[in-house]
Amino acid sequence: MKTQLTQQQKEYIWQLMYEKIAGIIRPKDLRYLEAQLSRDEDMREAFNALQYALSEEENMDLERLQHDEDWGDLLGVIKPHPATRTPFLARTRFEKPAIAAMIAGLLVSSAGYYYFSQRNAPPPATPADASLPAAQAVTLQLADNRSIALSGQQQTTIGKVQLYHTEQALTFSVQENAAVHGGQHILSVPNARNYKVTLADSTEIWLNAASRLQFPFRFNGNSREITLLSGEAYVKVAANASQPFIIHTPHSTVQVLGTEFNINAYDPGVVKLALVKGAVRVQSGAANLVVKPGMEAVCTPEKGLYAQPFDAREALGWRTGKHFFEHTPMPEICTILTRMLGIAAVIDSGSSASTRHFSGMIDKHKPVREFMEDVKNTTGIDYYFDQQGVLHFR
Amino acid sequence: MKRKVVPQNDKQLLRRLKAGDADALNDVYKQYRTWLLLVAATSMPDIGPAAAKAAVEQFFIDCWNHNLFNNVNVPLRTFLFASFAERCKKQRAAAPFVS
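Residues numbered from 1 in each chain as written. Chains lettered and ligands numbered in written order. Predicted model: local features only at pLDDT ≥ 70, side-chain atom pairs only at ≥ 80, totals over all residues. Heavy atoms only, no water.

(A) Broad picture of the nonpolar core. Counting residues in each nonpolar core, the largest one holds 57 residues, and the members touching the most others are Met17(A), Phe60(B) and Leu80(B). Elements with a contribution of two residues or more to this core: helix H1 (7-22), helix H2 (27-39) and helix H3 (41-56) of chain A together with helix H1 (10-18), helix H2 (22-43), helix H3 (48-65) and helix H4 (76-94) of chain B. Here the element with the most residues in this core is H2(B); it accounts for 12 residues. Sequence-distant contacts of Leu80(B), that is, excluding residues within four places in its chain, are made with Val28(B), Tyr32(B), Trp35(B), Leu36(B), Phe59(B), Phe60(B) and Phe69(B). (Core = buried A, V, L, I, M, F, W, Y, C linked by side-chain atoms within 4.5 Å. Buried < 20%, exposed > 50% of the residue type's maximum accessible area, 1.4 Å probe, protein only. Helix = DSSP H or I, 4+ residues; strand = E, 2+ residues; numbered from the N terminus. Contact = heavy atoms within 4.5 Å.)

Following this line, the structure appears as structure tokens:
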């Protein structure tokens, strides 16, 4: 006679099914799962359906999902942000309703009640580094000049376009066949924040602090064109040979041939493009240059356009919250601290610090004082915070 | 830049989470995000991979910001799975019907 599984047992078996597919199941649990599947036909069918559903998901390539850079940087967002609890609405077109409904129904019909106790009001998160101010919101300025603060986790509908945003990423979808004009919208990331946006063609862009990116909700026409108005971005372009990808900056144009690269336009007049994968052509005025992986195209007003090898730690460190200084003038370090951490930093007048340099590394996930002590120990430049929280070098 | 995740003991991780160790959150996140992404992808199949990832990220952030780990008295994986699955179900139920 077949024994009936309790709801709780079923949930546990579902948990183990996902563990098995994700490759994290423990040997003991695997034996239990296999025993249950061989015994219970419904669960066995459910497992086959689940495996099938996941094999259908084109973007659920497990190997690829393990890559660090595909995921947001959690440590970068948990510290300064007190909790905002906004219900997240998911879009559903119900193209694959059967499996989802089945899974959702079996999975969670009674789960959760013993975990999310509604009585407990969430206490505010304590910033780990009290000297850092709360970061400002990332904003999206639409072509019609309306401005949307991308805070919390929300869904916003703008005409035929649905935006989904969290504290660290924006995605959007356009209703099929809907006429969306190619209006340009501007995403602005303030100091101390990083933000990711996924464009209409699935191209992924990670923006560093103090960056502005202009893009349309849909790429009409023969090419996909966006503009990095200022700042720094890491770009992973979705391949599409029939519609070349072009990034404009104030001083150059980059034509992309399917690729991953970092583009830095922080310094006025200077653009640096470090190529990680693929190939790009960089154009500045009449000059143009094809860049190979491991090389960086640099464009400056003095030297024009040239290529040089780049140090991956220096060029890409920001993606893990690090910045490397190499004989960097202290005034420039002040600018970078403001951008990275959102604190004002100044050099007191009369201090020798204004002509000094520093080499080393800052990690935004560590207390800023650790970095200040490094500076003090290696250069002798002392520091203090005034009552407004401004950092002074003296 | 593929990184090998060294599996860590759930009990220790949970203890560190309760002690407010942000590195433990990062370890749990790296260890279990792919697993939960599969849950998101199958229970909310139409939100797309980018939004599914964002949902997983936001789940960890909310757990942290709301100190939810403090009240956990079941195995860590059980907590993560049940809470996240519940959340996906709610989001799915809240979705507007578009045919």
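From this point, the narrative continues.
(B) Examining the packing of aromatic side chains more closely. This structure, assessed with the given rule, holds 18 aromatic pairs over all chains. Ring centres of Phe172(A) and Phe217(A) lie 5.0 Å apart, and the angle between their planes is 65 degrees; this geometry places the pair in the edge-to-face category. On the criterion of sequence distance, the pair formed by Phe172(A) in strand S5 (residues 169-174) and Phe217(A) in the loop between strand S9 (211-215) and strand S10 (224-236) is long-range, its members being 45 residues apart. Classification of Phe172(A) as buried rests on a relative accessible area of 10%. On the basis of an interplanar angle of 65 degrees and a centroid distance of 5.6 Å, the ring pair of Phe59(B) and Phe60(B) is categorised as edge-to-face. When its relative accessible area of 0% is taken as the criterion, Phe59(B) is described as buried. Joined through ring pairs, the aromatic side chains of Trp14(A), Tyr18(A), Tyr32(B), Trp35(B) and Phe81(B) make up one cluster. Note that Arg319(A) overlies the ring of Trp206(A), its terminal NZ or CZ placed 4.6 Å from the centroid. The positively charged end of Arg339(A) is found above the aromatic ring belonging to Tyr266(A), 3.3 Å away from the centroid. (Phe/Tyr/Trp six-rings, centres within 6.5 Å; stacked < 30°, edge-to-face > 60°. Lys NZ or Arg CZ within 6 Å of the ring centre and 35° of its normal.)

(C) Structural view of helix H8 (residues 330-341) of chain A. Residue and element names in this part refer to chain A. Between its terminal C-alpha atoms H8 stretches 16 Å, which fits the 16 Å expected from 12 residues at 1.5 Å a residue. For H8, the full list of buried residues reads Met330, Ile333, Cys334, Ile336, Leu337, Arg339, Met340 and Leu341. Packing partners of the buried residues in H8 comprise strand S19 (322-329), strand S20 (345-347), strand S21 (357-363), helix H9 (368-379) and strand S23 (391-393). Gly342, located one to two residues past H8, shows a positive phi value of around 75 degrees. (Expected span 1.5 Å × (residues − 1).)

(D) View of H3(B). Residue and element names in this part refer to chain B. For H3, with 18 residues, the first-to-last C-alpha span of 26 Å sits near the 26 Å given by 1.5 Å per residue. Of all 18 residues that make up H3, 15 are buried, and the element is covered over most of its length. Remark: Asn67 follows H3 within two positions and exhibits a positive phi of approximately 55 degrees.

(E) The arrangement of the sheet that holds S23(A) in detail. Residues and elements named next belong to chain A. Reading across from one edge, S20-S23-S22 is the order of the three strands in this open sheet, with mixed pairing throughout. Where the open sheet ends on each side, the last strands, each with one partner, are S20 and strand S22 (383-385). Direction aside, neighbouring strands of the sheet carry axes that sit 25 degrees apart on average. Of the pairings in the sheet, the one linking S22 to S23 comprises three bridges and is antiparallel in character. When the sheet's bridge partners are listed, Tyr383 is paired in S23 with Phe393. Against the sheet, H8 makes contact with S20 and S23, and its axis sits at roughly 165 degrees relative to S20, the strand it touches most. (Pairing = 2+ DSSP bridges. Axes fitted to C-alpha atoms, helices over the stretch in contact; angles between N-to-C directions.)

(F) Focus on the packing of H1(A) against H2(B). Between H1(A) and H2(B), whose axes approach to 9 Å, the crossing angle comes to 115 degrees. When you trace H1(A) past H2(B), the crossing you get is right-handed. Together, Gln15(A), Tyr18(A), Glu19(A), Ile21(A) and Ala22(A) of H1(A) and Trp35(B), Leu38(B), Val39(B) and Thr42(B) of H2(B) make up the contact between the two elements. In the contact of H1(A) with H2(B), the residues fall into six nonpolar, two polar and one charged. (Left-handed = near helix turned anticlockwise from the far one by under 90°. Nonpolar A, V, L, I, M, F, W, Y, C, P; charged D, E, K, R; others polar.)

(G) Examining unusual backbone geometry more closely. Of note in this structure, Ser202(A) is not a glycine but carries a positive phi near 75 degrees. Within the secondary structure, Ser202(A) is located in the loop between strand S7 (195-198) and strand S8 (204-207). Among the residues examined, Ser202(A) registers a relative accessible area of 49% and is labelled partly exposed. In this structure, Asn67(B) is a non-glycine residue whose phi angle is positive, near 55 degrees. Following the sequence through the fold, Asn67(B) ends up in the loop between H3 and H4.

(H) Expanded view of the pattern of salt bridges. This structure, assessed with the given rule, holds 15 salt bridges over all chains. Asp29(A) is paired through a salt bridge with Lys28(A); the nearest N and O atoms lie 4.0 Å apart. You can call Asp29(A) buried: its relative accessible area is 4%. Relative accessible area serves as the criterion here: at 58%, Lys28(A) is assigned to the exposed category. Put simply, Arg224(A) and Asp201(A) hold a salt bridge, and the shortest N to O gap is 2.5 Å. Placement of the pair is Arg224(A) in strand S10 and Asp201(A) in the loop between S7 and S8, with a sequence separation of 23 residues. Each of the two residues, Arg224(A) as well as Asp201(A), counts as buried. Several salt bridges share partner residues, and in doing so they unite Glu19(A), Arg26(A), Lys28(A), Asp29(A), Asp10(B) and Arg77(B) into one network. (Salt bridge = Lys/Arg side-chain N within 4 Å of Asp/Glu carboxyl O.)

In short, geometric facts, not functional conclusions.
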